[in-house]
Structures are given as C-alpha cells and as structure tokens.
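The chain contents come next:
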Amino acid sequence: MMWYAIISEDIENSLALRKSARPAHLARLELLKDQGRLFVAGPHPAIDNNDPGEAGFVGSLVIAEFASLEDAQLWADQDPYVDAGVYKKVQVKPFKKVLP
C-alpha cells in the first residue's frame, strides 16, 4: 500500500453541482476513513476563508492509501463529483509522507 494524492480542479461556478453530489462524495471518503486509508481530504475555498459561502470552491485534495496508482486512479474516476461534472481536471500522483 502507498499514499496517493488526488488533486482535483473544479469547473467555474461548481457550487450547485457540489451540493447535489456531496452526500455520495462524502460517503466514499468515510469508507476510506473507516478502513484507515484516509490521510486527509477537503476542498480548496475560492476565497481566503474557511467558509467561502457563494464563492464556493475551486477544487479538492484527497490523500489516501491504495494498492497501486491504477487503483487510486480508478477510485478517483468513480468519484460522484466526476459524474456530476464538478471537476474539469483530476490528477493522481504517488505521495510520500515525510513530515510530521
């Protein structure tokens, strides 16, 4: 098992699409968490504020453990945000945790 970073970039004005797909998106992350495979996950606010309101978000970051890059890519491709059209770009990269 190895860590992988899934770096996603939203389309413009993605907030409504995010809201509609959020429960299913979070359920998959909860499953990774329950399996002890989730390091961190969260969105990138569009403005310098934890609660960006209507400004919304510009992307997401997930760092989780998978057996291979192929498995991580498959998981990322099946994200409900992908199906809902939230993301315009998704990158999956191996990640080596050094600190802390």
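Our structure's up above, just so we're on the same page.
Here is a short report on the structure shown in this document. (Residues numbered from 1 in each chain as written. Predicted model: local features only at pLDDT ≥ 70, side-chain atom pairs only at ≥ 80, totals over all residues. Heavy atoms only, no water.)

## Things to note about the side chain of Asp10
Within the secondary structure, Asp10 sits in strand β1 (residues 2–10). For Asp10, a relative accessible area of 4% gives the class buried. Reaching out from Asp10, the side chain makes a polar contact with the side chain of Arg18 at a distance of 2.7 Å. Look past the residues within four positions of Asp10 in its chain and what remains in contact with it is Arg18, Phe57, Val58, Gly59, Val86, Tyr87 and Lys88. (Helix = DSSP H or I, 4+ residues; strand = E, 2+ residues; numbered from the N terminus. Buried < 20%, exposed > 50% of the residue type's maximum accessible area, 1.4 Å probe, protein only. Polar contact = N/O pair within 3.5 Å; in protein donor to acceptor, adjacent residues only side chain to side chain. Contact = heavy atoms within 4.5 Å.)

## Thoughts on helix α1 (residues 15–34)
Between its terminal C-alpha atoms α1 stretches 27 Å, which fits the 28 Å expected from 20 residues at 1.5 Å a residue. If you look at α1, its biggest bend is around 55°, right at Ala21, and the proline Pro23 turns up within four residues after that. Leu15, Arg18, Ala21, His25, Arg28, Leu29 and Leu32 are the residues of α1 that are buried. The inward-facing, buried residues of α1 contact β1, β2 (38–45), β3 (57–66), α2 (69–77), α3 (80–84) and β4 (87–95). Downstream of α1 by a residue or two, Gly36 has a phi angle that is positive, lying close to 75°. (Expected span 1.5 Å × (residues − 1). Bend = angle between axes of the 7 residues up to and from the residue.)

## Looking at the sheet that holds β2
Within the open sheet, the four strands sit side by side as β2-β3-β1-β4. Their pairing is antiparallel. Lying at the two open borders of the sheet, with one neighbouring strand each, are β2 and β4. On average, each strand axis in the sheet is tilted by 15° relative to the strand beside it, whichever way the strands run. Of the pairings in the sheet, the one linking β1 to β4 comprises eight bridges and is antiparallel in character. When the bridges of β4 are listed, Ala5 appears paired with Lys93. Taken strand by strand, α1 contacts β1, β2, β3 and β4, and its axis lies near 15° from that of β3. Contacting β1, β3 and β4, α2 crosses the sheet at an angle of about 155° to β4. (Pairing = 2+ DSSP bridges. Axes fitted to C-alpha atoms, helices over the stretch in contact; angles between N-to-C directions.)

These results come straight from atomic positions and should not be treated as a statement about function.
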